[in-house]
Amino acid sequence: MKNIKNIFIGAVGLLIGLSSCSDEFLKDKKDYNNMTTIDVYSDPQQATAVFATIYKQILSRYNSPLCGSDPLMRQDQSTGGKQNIFSEEMTGWKSSYYTGQIVKNVKAGNHIANPPYWNDPRDNVKNFNNFERFTLFPTVYVINDYIKEIDRSRSLIADDEFWNRLKGQAMFARAWLYFDAAREWGGFPYYCTELDMPENGDRSPRLPMQECIDKVCADFEAAAKLLPAKWDGENYGRFTSVAALAMSARARLFMASPIFNANWDDPSSKRWQAALTANLTALEAAKQAGYGTSVTDIESWDKAFYNYNGAFNPESIITVLMNDDPLVPGTFNKWESKIRPSAVASNDGAGIPAPEEILRAFPMKDGKTAIAENGYDDEKFYRNRDPRFYRTFAFSGCEWPGLKKQFWLFSYKYSNEESNMYRYTDGKKGDSGANGKSRAIVWKMADPAIAVGAEETSGTDVMEYRYGELLLNVAECYAAQGNAGECLNYLGQIRSRVGISSANNYGLGNISDRYQLIKAVLNERQIELAYEGKRSWDLKRWLLFEGGAGFDPNIGGSYNSANGYYDPEASWGAGWKIYDGKDGRPEYSKSNNILTKLGMKPLSGTKHTSKIWGYDLDNVHAVPEYIGSEVNHPLVDNELFKAVPGITRSMNDAERDIAFDKLEAFYDGVGMKTYDPIEKMGHKYGMESGSKETDQNFLFAWRGWYYIYPIHYDMYDPAKGNNWIEQTAGWMIENKTPSCLTVDEQNGTYYYCTPEE
């Protein structure tokens, strides 16, 4: 593909330039000769280059692994992206995206600034020009026109494989766009042929979710028949047949999950069986093509994230190429700029402080839960943990990959001034730099080849979909069917790959209860796929914020708008809920819902918390924060401090234990303590707290209608004449703020959670 980069610049305009600029073309959607030329479609390189615009359209904003939390074209955007904050992995619940207020204009609600151009057909000038606004239907129209042109032009190049591969990529892109749209907003009209494209005045209703997912999967499966299992050399990064089957399997898994499947709790559910069949098919295709062969220990697991840039990666089913990718030129991976603290970077950031909720999710070295009965010591939280723990989190004494430079994470008292009291050693200057910190930060997927100063321009490829996820998908399907043997087999494969001992079912024990199997799979997904943009989707599709029982502080009767206080216990089970006992859905309550069945607690009514290491926090140490460009602190000349070796990701157990002994000698020798920052330093320094009473009382309040977002309220403006489009259940047709005193206002009629037929 490298040799088509220059052709791309000129040739791509024939498809998109004309479709966005030519009024004559836009006035007559059937005048295809105004869109393309025989010269383009008679040249394989130019015909291939034209489709690169679609890759750019859907992946140009994919700039870090966290973008896997977002729908295509909305990655890392304030309008529909940045959804990674909706998990235990990331702080941000108390933020500009979600304040906890009882209004509709929150991140999880009225979040797309422009309508998705529902039924404007292609001959509407304004509609087609909105391709550049990254909305669904204009992009689908361009893809459909491209597919049509492929079939019209086959006689120009006598090579069916060439045309089939182009068409397969286009069908893949269309299916992916529709799938992401469906799992965000519910069913859409599915335009995929000339016959079903809308005309002016057409009214295409929303498809039922099952029908929409069926069409998505049909597209992926048709694409799989046209695409190769792998692309070699310069074509690496294009969609493959294995990726198409894996995406169909992912879609089937969503359709079987509680968010869409009112029969999720039936072990004989047809949707779970369809998901299992699809995932086993994808897994077998992946194996046959040589995927899944590279990860054999924790070192190869770690290197899978950064060691194959631009080359075939056996772990990666869908690879988003970065930097020199001719498909999406100029796209860089900004992960390094997000995770590096300023002590080891050119920025003034603090990395990603890891909440306690995610640190404790990782098991012990033997695979058992991290609790005291299994040997967990909270003072020495880093001891004897799952091998993936050390490849995911860094802590005091760790040496950033490739930089040969240690960094430290502890707080000390700088002054007695209330507004300028504490400092933190991660390198972010000033008292505010001590806010919201943790005793660990994220360094998973850090590429040792990225130098200081290059954090914003990394060329490290991103794995959007990898082999490990397929194994977990299969395990989940077996768990939902109550097949303990096969479920534990596939969970064991995940753990075996990273070096956990097979004893006691890799630490999982002899689980036979179906709900406990499901819980085990969800926990394993949280660990294996941490910070890869997948956790927020799992929380949504399993309704893990409130279990499908509803959660509303106002209707629960405990919300105090003056100080932001509410009682989570009173709020849980109140308000609008998906599982309402209507149309074949069971009715869930606070005492009977998905979470109670799985033995899990809701995320609603909680906040992210942290612990910190603190040095002599009762006394002032007014030392300069920096000496030259190096971070300074009161212990910089301490001999025990200097004796701690750099703790690297690649250390073996013996080397790591020696380093830990030195780290603990330092910890004990200087009187370092582990603290809850709120209890010791005050609310200002809590992970999701603050100086104001409303900040201190903040608790996350995810309401049931947020699982699937609304059709934008502007669509129902009388001037647009779209009031026939069903609004998503749980939302309102009216463009107003709900009172949250009754569920009757939420008059949407499109139900996405349906029973099987």
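Just so it is clear, the structure is predicted and the values come from calculations on it, not from any experiment.

How do you make sense of the sheet that holds strand S4 (residues 422-424) when you look at a structure like this?
Strand pairing within a sheet occurs via backbone hydrogen bonds; the two strands may be parallel or antiparallel. Judged by pairing direction, the sheet is mixed, and its 4 strands sit side by side in the order S4-S3-S7-S10 without closing on themselves. Of all strands in the sheet, those with a lone pairing partner are S4 and strand S10 (673-675), marking the two edges. When strand polarity is set aside, the average angle formed by the axes of neighbouring strands in this sheet is 35 degrees.

Can you walk me through the layout of surface pockets in this structure?
Left-over empty space is what a probe sized like a water molecule reveals as it rolls over the atoms. Computed from the structure, the largest pocket encloses a volume of approximately 990 Å³. Lining the largest pocket are 35 residues, with Ala-361, Lys-519, Asn-523, Gln-526 and Met-600 positioned closest to its centre. By residue number, the principal contributor to the lining of the largest pocket is helix H19 (residues 514-528), which donates 7 residues. Of the residues belonging to the lining of the largest pocket, the class tally is 15 nonpolar, 10 polar and 10 charged. Estimates place the volume of the second largest pocket at around 630 Å³. In terms of lining residues, the second largest pocket is bounded by 25 residues, among which Ile-85, Met-90, Thr-91, Gly-92 and Gly-351 are the most central. Here the residues of the lining of the second largest pocket sort into 9 nonpolar, 9 polar and 7 charged.

Which parts of the structure should I look at to understand the nonpolar core?
For soluble globular proteins, the rule of thumb is that nonpolar side chains tend to be buried together. The biggest cluster of nonpolar side chains holds 157 residues, and the ones touching the most others in it are Phe-172, Ile-317 and Tyr-752. Considering each element in turn, this core owes the most residues, 15 residues, to helix H8 (residues 160-185). The contact partners of Ile-317, leaving out residues within four places of it in the chain, are Thr-240, Val-242, Ala-243, Ala-246, Ala-286, Tyr-291, Tyr-465, Arg-466, Tyr-467 and Leu-470. Formed by 70 residues, the second largest nonpolar core is a distinct cluster that contains Ile-352, Leu-409, Leu-617 and Tyr-667.

How should helix H9 (residues 209-226) be read in this particular structure?
Within an α-helix, residues lying three or four positions from one another point in the same direction, as the helix has 3.6 residues per turn. Taking 1.5 Å of rise per residue, the 18 residues of H9 would be expected to cover 26 Å, and the 26 Å separating its terminal C-alpha atoms lies within 8% of that figure. All of the buried residues in H9 are Met-209, Cys-212, Ile-213, Val-216, Cys-217, Asp-219, Phe-220, Ala-223 and Ala-224. Seen end-on, H9 carries its buried residues on one side only, within an arc spanning 155 degrees. Residues of H9 that are buried in the fold lie against H8 and helix H10 (241-256).

Help me out: how do you make sense of the environment of Tyr-308 in this one?
Among the secondary structure elements, Tyr-308 is positioned in the loop between helix H12 (298-303) and strand S1 (316-320). Measuring from C-alpha to C-alpha, the distance between Tyr-308 and Asn-435 comes to 37 Å, with 127 residues separating the pair along the chain.

Can you help me understand the side chain of Gln-727 in this one?
The topology assignment puts Gln-727 in the segment after helix H26 (693-696). Apart from the residues within four sequence positions on either side, Gln-727 is in contact with Arg-206, Pro-710, Ile-711, Tyr-713, Tyr-716, Met-732, Ile-733, Gly-748, Thr-749 and Tyr-750.

Could you clarify how one ought to interpret the pattern of salt bridges in this entry?
Any two side chains of opposite charge can pair if their charged atoms end up close together. For the structure on display, the rule yields 59 salt bridges. With a shortest N-O distance of 3.1 Å, Glu-639 and Lys-642 are connected by a salt bridge. Note that Glu-639 and Lys-642 are positioned in helix H23 (residues 639-642) at a spacing of 3 residues, about one turn of the helix. Glu-639 gets classed as exposed once you look at its relative accessible area, which sits at 56%. Lys-642 gets classed as partly exposed once you look at its relative accessible area, which sits at 49%. Where Asp-653 meets Arg-656, a salt bridge forms, and the shortest distance between an N and an O atom there is 3.3 Å. Of this pair, Asp-653 and Arg-656 both sit in helix H24 (residues 653-669), 3 residues apart, which is roughly one turn of that helix. Look at Asp-653 and you get partly exposed, because its relative accessible area is 39%.

It is not clear to me how the confidence of the model for the chain should be interpreted in this structure. Could you clarify?
Low-pLDDT portions of the prediction should not be read for the details of their coordinates. Counting all residues, the mean pLDDT for the chain is 89, and 90% of those residues have values of 70 or more. No element of the chain has a lower mean pLDDT than helix H1 (residues 5-11), which averages 30, and none a higher one than H10, which averages 99. In this model, residues 1-36 is a region of pLDDT below 50 whose contacts with residues beyond four sequence positions or in other chains number 86 contacts. Taken as a whole, residues 105-115 scores under 50 in pLDDT and shows 44 contacts with residues more than four places along the chain or in a different chain.

What is the right way to read empty space enclosed by the protein from this model?
All chains considered together, the criterion is met by 9 cavities of 30 Å³ or more. As a volume, the second largest cavity reaches approximately 120 Å³. In this structure, the second largest cavity is lined by 14 residues; those nearest its centre are Tyr-236, Gly-237, Arg-238, Thr-240 and Ile-317. For the lining of the second largest cavity, the element with the most residues is S1, which contributes 4 residues. Of the residues assigned to the lining of the second largest cavity, the class counts are 8 nonpolar, 4 polar and 2 charged.

I'm lost on the packing of aromatic side chains in this one. Help?
Two measures describe an aromatic ring pair: the distance that separates the ring centres and the angle between the ring planes. With the rule as written, the count across this model stands at 59 aromatic pairs. Taking the centre distance of 5.2 Å and the plane angle of 80 degrees together, the rings of Trp-301 and Phe-305 count as edge-to-face. For the pair formed by Trp-301 and Phe-305, the shared burial category is buried. Among the aromatic residues, those joined into a cluster by ring pairs are Phe-362, Phe-381, Tyr-382, Phe-389, Tyr-390, Phe-393, Phe-395, Tyr-531, Trp-613, Phe-660 and Tyr-667. Sitting over the ring of Trp-537, Arg-183 keeps its end group 3.7 Å from the ring centre.

What is the right way to read the pairing of S1 from this model?
Moving residue by residue along a regular strand, the side chains alternate between the two faces of the sheet. Taking burial as the measure, the 5 residues of S1 include 5 buried ones, the bulk of the element. Inspection of the sheet shows S1 paired to strand S6 (residues 462-466) by 4 bridges, in the antiparallel sense. From the neighbouring strand, Ser-316 faces S6, where its bridge partner is Arg-466.

Would you take a moment to explain H19 for this structure?
Here H19 contains 15 residues, and its C-alpha end-to-end distance of 21 Å stays within 8% of the 21 Å for a straight helix at 1.5 Å per residue. Counting buried positions along H19 yields 11 of 15 residues, so the element is predominantly enclosed. Those residues of H19 not exposed but buried are Arg-514, Leu-517, Ile-518, Ala-520, Val-521, Leu-522, Glu-524, Arg-525, Gln-526, Ile-527 and Glu-528. Sitting at the head of H19, Asp-513 places a side-chain oxygen 3.1 Å from the backbone nitrogen of Tyr-515.

Just checking my understanding: could you explain the packing of helix H17 (residues 484-497) against H19 for this structure?
In helix packing, the relevant descriptors are the interaxial angle and the interaxial distance, both defined with respect to the helix axes. Put simply, H17 and H19 touch, their axes get as near as 11 Å, and they point 20 degrees apart. Considering the angle they form, H17 stands roughly parallel to H19. The element H17 and its partner H19 pack so that their crossing is left-handed. Between H17, through Ala-484, Cys-487, Leu-488, Leu-491, Ile-494, Arg-495 and Arg-497, and H19, the contact on the second element is made entirely by Leu-517, Ala-520, Val-521, Glu-524, Ile-527 and Glu-528.

Calculation notes
- Residues numbered from 1 in each chain as written.
- Predicted model: local features only at pLDDT ≥ 70, side-chain atom pairs only at ≥ 80, totals over all residues.
- Heavy atoms only, no water.
- Pairing = 2+ DSSP bridges.
- Helix = DSSP H or I, 4+ residues; strand = E, 2+ residues; numbered from the N terminus.
- Axes fitted to C-alpha atoms, helices over the stretch in contact; angles between N-to-C directions.
- 1 Å grid on protein atoms, 1.4 Å probe; cavity = no way out; pocket = protein on both sides within 12 Å on 5 of 7 lines; lining within 4 Å.
- Points joined across faces, edges and corners; volume = space filled by probe spheres on them.
- Nonpolar A, V, L, I, M, F, W, Y, C, P; charged D, E, K, R; others polar.
- Core = buried A, V, L, I, M, F, W, Y, C linked by side-chain atoms within 4.5 Å.
- Buried < 20%, exposed > 50% of the residue type's maximum accessible area, 1.4 Å probe, protein only.
- Contact = heavy atoms within 4.5 Å.
- Expected span 1.5 Å × (residues − 1).
- Arc of directions from axis to C-beta.
- Salt bridge = Lys/Arg side-chain N within 4 Å of Asp/Glu carboxyl O.
- pLDDT = per-residue confidence, 0-100.
- Phe/Tyr/Trp six-rings, centres within 6.5 Å; stacked < 30°, edge-to-face > 60°.
- Lys NZ or Arg CZ within 6 Å of the ring centre and 35° of its normal.
- Polar contact = N/O pair within 3.5 Å; in protein donor to acceptor, adjacent residues only side chain to side chain.
- Parallel < 35°, antiparallel > 145°, perpendicular 65-115°, else oblique.
- Left-handed = near helix turned anticlockwise from the far one by under 90°.

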